[in-house]
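Overview (structure and organization)
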Amino acid sequence: KLGENQFYYHEIIDYKAIDETHGEIGTIKFVNDQTMQALFFIDFNGKEIIIPVNDRFIVKVDKEEKTIYFKTPEGLIDMYLED
């Protein structure tokens, strides 16, 4: 049995992603686990945000609400949202 903040990658597709600083940052569309570091690919109004799968960045996984709460390093999300 998985712990509270543990999940299988296929389970979290279409989960809402909420960042502590930026609020709702989109929907998880894909998890790439074929790289050295697994990565969340999040769709934010047509822009792609990539967040490393890292326990330090995941605050909470709410399976009932289908939401993952993140606390990402300063500047990580900003670099994807800049024009």
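To keep things clear, this report deals only with the structure shown in the data block.

Section: the overall build of the chain
When helices and strands are counted, the chain shows one helix and six strands. Across the chain, helices and strands are ordered from the amino to the carboxyl terminus as β-β-β-β-β-β-α. For the chain, the spread of C-alpha atoms along the three principal axes comes to 40 × 25 × 20 Å. For the chain, the share of sequence-separated contacts (at least 6 apart) that also reach a separation of at least 24 residues comes to 41%. Of the charged side chains in the chain, 9 are positive and 17 negative; the average position of the first set lies 5 Å away from that of the second.

Some words on the side chain of asparagine 32
Among the structural elements, asparagine 32 can be located in strand E2 (residues 23–32). Given the relative accessible area of 17%, asparagine 32 is considered buried. Filtering out sequence-adjacent residues up to four positions away, asparagine 32 remains in contact with Gln37, Ala38, Leu39 and Phe41.

With respect to the pairing of E2
Relative to E2, strand E1 (residues 16–19) is paired through four bridges, and the arrangement is antiparallel. Along E2, the bridge assignment pairs isoleucine 18 with glutamate 24. Taken together, the five bridges between E2 and strand E3 (residues 39–44) define a ladder with antiparallel strand orientation. Looking at the pairing, phenylalanine 30 lines up with phenylalanine 41 of E3.

Considering the packing of aromatic side chains
Each pair of aromatic rings is reported with the distance of its centres and the angle of its planes. With the rule as written, the count across this model stands at four aromatic pairs. Through a chain of ring-to-ring contacts, three or more aromatic side chains come together here, namely Phe7, Tyr9, Phe40 and Phe70.

Basis of the calculations
Residues numbered from 1 in each chain as written. Predicted model: local features only at pLDDT ≥ 70, side-chain atom pairs only at ≥ 80, totals over all residues. Heavy atoms only, no water. Helix = DSSP H or I, 4+ residues; strand = E, 2+ residues; numbered from the N terminus. Contact = heavy atoms within 4.5 Å. Lys, Arg positive; Asp, Glu negative; His and termini not counted. Charge placed at Lys NZ, Arg CZ, Asp CG, Glu CD. Buried < 20%, exposed > 50% of the residue type's maximum accessible area, 1.4 Å probe, protein only. Pairing = 2+ DSSP bridges. Phe/Tyr/Trp six-rings, centres within 6.5 Å; stacked < 30°, edge-to-face > 60°.

Purely geometric stuff here, so don't read any function into it on its own.
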